[in-house]
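# Survey of secondary and tertiary structure
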Amino acid sequence: MNERVAVVGYKQTKHTFDSPVARERMIYELVKSLFKDLGITRDDIDTFIFASNDFTDGRTISEVYTVPRIGSFMKDETKVEADGLNAALYAYMRILSGLYETALVIGFSMAGSEFRVPLTQAYTLDPVYERPRGIINFYSTAALQASAYMKKYKFTDEDLARLTVKNLQNANNNPYAARKEPTISVEDVLNSKPLYLPIRQAHVSAYADGACAVILSSKKAAKKFTDTPVWIDGVGHSMDTYYIGDRDLLGMEHLSAAAKKAYKMAGIKNPKKEIDFAELHTNFASEEPVFAEAMGLFKPGSGKDVVKNGDSGIGGALPVNPSGGPLGANPINATGLIRLAEASEQLRKEAGKNQVKGAKTAVVHAQDGPGAQLNTVFVVRR
Amino acid sequence: MKRNVAIISVGYNGRFVSKRPDINIPELIQPAVDTAIGKTKLKHDQIEAYVVGNMHTFEGINQPHLWASDHFGGSKKPVMRVATGGSTGASVYQAAYYHVASGMYDVVMAIGWEKHDEGDAQVGLMGILLPEAFSLFNFGPDMSEDRGVAGLGGGGSTGGAAFQAMSYLTKAHAGIEHIDRVAAMMRSNAAKNPYAHLQQPGCTEADIAKTPIISYPLRYGHTCPTSCGAIAMILVSEEKAKKFGITDRVAWVKGLGSGASDATTGNIIEGQITDPAEQYMCKVVAKKVYSMAGIKDPRKDIQVAEVYSGFSHQDLMWPERLGLVDEGKSPEMLDKGAFAIDGELPLNPSGGVTSTNAIGASAMVRVGEAALQVMGLAEGGHQVQRKIENVVAHGWGGLFQFVTVTVLGRTPVKK
Amino acid sequence: MPGNVVRARVPITFSYKNRVGHALEQYINGLKEKKILGVKCPACKKVYVPPRTVCGKCHKPIDQMVEIGQEGVLKNFTTAHVTIANGEITDVQQPYIIGLIKLPGASSLISGIIKTSSVPEVKTGMKVKAVWKETTQGDYNDLAYFEPA
Ligand SMILES: [Zn+2]
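The rules behind these values
- Residues numbered from 1 in each chain as written.
- Chains lettered and ligands numbered in written order.
- Predicted model: local features only at pLDDT ≥ 70, side-chain atom pairs only at ≥ 80, totals over all residues.
- Heavy atoms only, no water.
- Helix = DSSP H or I, 4+ residues; strand = E, 2+ residues; numbered from the N terminus.
- Buried < 20%, exposed > 50% of the residue type's maximum accessible area, 1.4 Å probe, protein only.
- Areas by Shrake-Rupley, 256 points an atom, 1.4 Å probe, with all protein chains shown as cover.
- Lys, Arg positive; Asp, Glu negative; His and termini not counted.
- Charge placed at Lys NZ, Arg CZ, Asp CG, Glu CD.
- Salt bridge = Lys/Arg side-chain N within 4 Å of Asp/Glu carboxyl O.
- Donors = N, O, S within 2.8 Å, 3.2 Å for Na, K, Ca; no water.
- Tetrahedral: all angles 85-135°; square planar, octahedral: opposite > 155°, others 65-115°.
- Polar contact = N/O pair within 3.5 Å; in protein donor to acceptor, adjacent residues only side chain to side chain.
- Contact = heavy atoms within 4.5 Å.
- Axes fitted to C-alpha atoms, helices over the stretch in contact; angles between N-to-C directions.
- Parallel < 35°, antiparallel > 145°, perpendicular 65-115°, else oblique.
- Left-handed = near helix turned anticlockwise from the far one by under 90°.
- Nonpolar A, V, L, I, M, F, W, Y, C, P; charged D, E, K, R; others polar.
- Core = buried A, V, L, I, M, F, W, Y, C linked by side-chain atoms within 4.5 Å.
- Patch = residues over 30% accessible without salt bridge, like charges linked within 9 Å, V, L, I, M, F, W, Y side chains within 5 Å.
- Pairing = 2+ DSSP bridges.
- pLDDT = per-residue confidence, 0-100.

Moving on to the overall build of chain A. Looking only at helices and strands, chain A features 14 helices and 11 strands. Projected onto its principal axes, the C-alpha coordinates of chain A cover approximately 55 × 45 × 40 Å. Considering chain A as a whole, with its 382 residues, one finds that 72% of them fall into the buried category. A total accessible area of about 11,400 Å² is found for chain A, and carbon and sulfur atoms account for 51% of it. One way to put it: in chain A the 47 positive side-chain charges average out to a point 4 Å from where the 44 negative ones average out.

Here we come to the pattern of salt bridges. Under the counting rule described, the total for this entry stands at 52 salt bridges over all chains. Overlapping salt bridges, with partners in common, bring together B:Lys171, B:Asp275, B:Glu278, B:Lys283, B:Glu320, B:Arg321 and B:Glu327 in one network.

Each donor-metal-donor angle would ideally measure 109.5 degrees in four-coordinate tetrahedral geometry, or 90 or 180 degrees in six-coordinate octahedral geometry. Residue and element names in this part refer to chain C. Protein coordination of the zinc ion is provided by Cys41 (SG), Cys44 (SG), Cys55 (SG) and Cys58 (SG), with donor distances spanning 2.3 Å. Coordination at the zinc ion is tetrahedral, judged from the four donor atoms that bind it and the angles of 103 to 115° they form at the metal. Look at where the donors of the zinc ion fall in the sequence and you get C-x2-C-x10-C-x2-C. You can see Cys41 sitting in the loop between strand E1 (36-40) and strand E2 (47-48) and its partner Cys55 sitting in the loop between E2 and strand E3 (65-68), a full 14 residues away along the chain. An identical accessibility class is assigned to Cys41 and Cys55; each is buried.

Relative to the helices and strands, A:Asp246 is located in the loop between strand E8 (230-239) and helix H10 (253-266). Separated by 2.5 Å, the side chains of A:Asp246 and C:Ser108 make a polar contact. Residues in contact with A:Asp246, not counting those within four places in the same chain, are A:Thr241, C:Tyr48, C:Arg52 and C:Ser108.

Where helix H3 (residues 84-96) of chain A meets helix H3 (residues 88-101) of chain B, the axes come as close as 8 Å, and the angle between the chain directions of the two elements is 60°. By the angle class used here, H3(A) and H3(B) are oblique. Handedness of the H3(A)/H3(B) crossing: left-handed. Listed contacts from H3(B) to A:Tyr90, A:Met93 and A:Arg94 of H3(A) are B:Ser91, B:Gln94, B:Ala95, B:Tyr98 and B:His99. Among the residues forming the contact of H3(A) with H3(B), the class breakdown is four nonpolar, three polar and one charged.

Between chain C and chain A, the contact holds 39 residues from the first and 37 residues from the second. If you look at where chain C meets chain A, you find three salt bridges. Between A:Lys193 and C:Asp91 there is a salt bridge; the shortest N-O distance is 2.2 Å. When residues of the side of chain C that touches chain A are traced back to their parent elements, those giving at least two are helix H1 (22-32), strand E4 (71-85), strand E5 (88-102) and strand E6 (109-114) of chain C.

This next bit is on the nonpolar core. The nonpolar side chains of a soluble globular protein tend to be buried, and buried together. Counting residues in hydrophobic clusters, the biggest one holds 87 residues, and the most contacted among them are A:Leu340, B:Ile7, B:Tyr93, B:Leu235 and B:Leu408. Sort the elements by how many residues they give to this core and H3(A) lands first, with 10 residues. Sequence-distant contacts of A:Leu340, defined by excluding residues within four places in its chain, comprise A:Val7, A:Leu85, A:Ala88, A:Val214, A:Val364, A:Phe378 and A:Val380. Core analysis: the second largest hydrophobic core is formed by 83 residues, A:Ile70, B:Ala263, B:Val392 and B:Val407 among them.

The subject of this paragraph is the interface of chain A and chain B. Contacts between the two partners involve 61 residues from chain A, matched on the other side by 65 residues from chain B. At the surface where chain A touches chain B, the tally comes to three salt bridges. Residue A:Glu81 is joined to B:Arg81 by a salt bridge in which the shortest nitrogen-to-oxygen separation is 2.9 Å. For the side of chain A that touches chain B, the elements supplying multiple residues, two or more each, are helix H2 (54-57), strand E3 (76-80), H3, helix H4 (117-124), E8 and H10 of chain A. Per element, the largest residue contribution to the side of chain A that touches chain B is seven residues, and it comes from H3(A). Its residues assigned to classes, the side of chain A that touches chain B shows 29 nonpolar, 16 polar and 16 charged.

Residues and elements named next belong to chain B. There is a patch of nonpolar side chains on the surface, built from Met166, Ile213 and Tyr216 and spanning about 290 Å² of accessible area. Inspection of the secondary structure puts Met166 in helix H6 (residues 156-172). According to the relative accessible area criterion, Met166 is partly exposed, its value standing at 36%.

Another point: the sheet that holds strand E4 (residues 102-110) of chain A. Residue and element names in this part refer to chain A. Reading across the sheet, the nine strands line up as E3-E2-E4-E7-E1-E8-E11-E10-E9 and stay open at both edges, with mixed pairing between neighbours. The open sheet is flanked by E3 and strand E9 (277-279), the only strands paired with a single partner. Strand-to-strand, the axes of this sheet are offset by a mean angle of 25°, without reference to chain direction. With three bridges joining them, strand E1 (residues 5-12) and E8 adopt antiparallel strand pairing. Looking at E8, one finds that Val5 is bridged to Ile232. Of the strands in this sheet, E1, E4, strand E7 (209-218), E8, E9, strand E10 (361-368) and strand E11 (374-381) touch helix H14 (residues 335-347), which is tilted by about 170° from E10.

Attention now goes to the confidence of the model for chain C. Put simply, chain C has an average pLDDT of 92, and 91% of its residues get 70 or more. For this predicted complex, the interface confidence score (ipTM) comes to 0.98, while the overall pTM stands at 0.96.

What follows deals with the packing of helix H7 (residues 176-190) of chain B against helix H12 (residues 313-321) of chain B. Each pair of packed helices can be described by the angle between their axes along with the distance between the axes. Residue and element names in this part refer to chain B. Taken N-terminus to C-terminus, the directions of H7 and H12 make an angle of 90°; their axes are 7 Å apart at the nearest point. One element, H7, and the other, H12, form an angle in the roughly perpendicular class. Contacts from His178, Ile179, Val182 and Met186 in H7 reach His313, Asp315 and Leu316 in H12. Residues that form the contact of H7 with H12 fall into these classes: four nonpolar, two polar and one charged.

What follows is the structure, given as structure tokens:
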């Protein structure tokens, strides 16, 4: 068995709302250039793990035509049908088992141009209760969660707008982000189109075309790829019950269980102090304080103060989504994996204008399902 | 040092059937899970993590495990979804294996299912090719890349399989009667498996030969049914198996592997027409898996095979590609009765996929049936009676391109 | 659209025959009789709405249907300015309220539309009651909405 697994390579596309190339070419060019950067070939990879989804790809068995594009032709290959961070989790397990030393993980979708995201979300709802009733969907679930948080903790629409602007400013400095709104103001967010209040259009993540590829390796094999590996020291994942009326929308016990498991593996006792920054998979801006608190990064209900003091900003006590997060780009299936790539970039001091100073330990998060029913958490260190 | 993993329990929801209008998907999964747990002394809460999968476009529900969370026990537990087409069930099981082999978990459940009565499987399968088909209609044929257009020729998945069957027959100097014969054997094996869908006791070659040709050389009697069913398996670490005191009636995972080729429905790649009956990937994976399992000669060391054959000609092709039979010799083995339940290499004692096919479950059913054979627990007369040391289980998926192979055995590989 | 991507339209709608299942079937039949049904777990006594065949906490099969109250408390709500159908987000003329309601006898919160004479009237903690269609036919719309009690 291998004892430690590292992120040794990563690359993401420049995400867009209308990709100039088809998905096969997008992932081919991405993987090819990652291999070139690292000076490796596909023969240096032991196992290949896709993260894609037949619904978001609009195609049964979505990886049928993508195998040769990522170099897994005549190689060991499999597919996780969830966010890419789960594929990374599977790759991590495969390497820990000692049967593989290296893995390529890739997540992608054309969420910006090729399908209507609310349609694939509708297919994610059960077909015989929520779908025919037409009341509960990903948006209204997020709104109910946001509304519960805001009422309980006096978090105002303005606080939410400030948090949104913080993320969009970070996204503006992120060369990979699709959504560039350099001049957006708190006023603009407050006046953006109402959807399910308190959720407005400006709070919605930027569903985009894009892909992310990450290479994981055992400690033994890491040297071949890089002198600056980023270690995966803790992982956890957990799922909640399905019906929204049975969930604790604020406590998110399943998310906190996943985080606690990852912290325990990484030997983290006090995440507020020991974690230097977080990359969270938020589909809506309002999810940020809820997730961060469930993960023990901030005190429950402290969202208002965090925004006021700028604690989650790049220069703050515990920066959240210094990359801009999914508000800057949400290419479904790649989004959580991008969090891992962004965190690795930060830990290797390659994050340019968005660099968090002195960052050594980060927590990375991904979600699937309505209202983040399934969550995955990684703790990574340099 | 590798961590040994054992399958300790296999549960079905009941007999596989074509329609279950009385229940929904979570209700289909629930009894399989309860049965698998019920066969052990475990409590439900002792399952530490779940790996699940099906082919969700068939029923039109994206990631249906989210909806089914309470029904299988996934609420507040780690759950991972894996799907790779026809090989889904085996890929799910392999992921469950790695959950344990990684050292992260000790008791993990793998679940695969399909409820084909909620959609149209052939339309679902055409969904693989639809974008190609419509770009063909819109812009004219494009044979320059691996576009899979040849698969459109015969309609549905049988069209693609017919190319493979024709190529196989040519190579093996065999005829359609061999496919009829093996198809009949599977349907009569199925009659000895209380969970199998199409059970035809004493089914003969002549019975199959009466069915109409769909796409030569494949007849209706050579194709699989679309079934509703679910399977759940429990995998545990060696330490836990010892702790539970159940090391004697378990199936040890001795070797496993998966591989991907391109979409080989008779495409043109770099000027070469690829042969869907070649299945080079299967040979490569099998070799790797045997080496992991410490098997030097699969013909001697493996006593039973459960192969995934959506079409009956594959029941002849896979034993050859898995190295269990010389290339082209399966028809001869069949004719001399070697593949029968009491033969020298029992092939699909369960009746195989041509008798029962709930797609997301099928490749796991191969592993589950292999486990039951090793444990000596196959019910209803399909248990192989001679001494079994090792069983190989196989799965395939995609456009004849993904392959999974597993060897289960009575004793674990020495560390 | 960039010039070098050619996109094929796939003008196909898949159709499915998804089964309602054992528990929801009884729920829908209950609606026809203007009843809201839940299931009660024999172990932890929790009452789940909509009904299901298992308790996710105790892993015990459930088949005991119980009728729950129709007048309860609004626990949480959102004001919707759009609807989402067939993947399209469409504006509505009149904003409407989606609420999560605690009904007596149920452990789950039930989601529903809240109708009041004006949107600002809606407050969490207010009492609401179920309003039924005059003639029910055994579908989800039979329970038309909730209004202040
Ligand atoms: Zn209970």
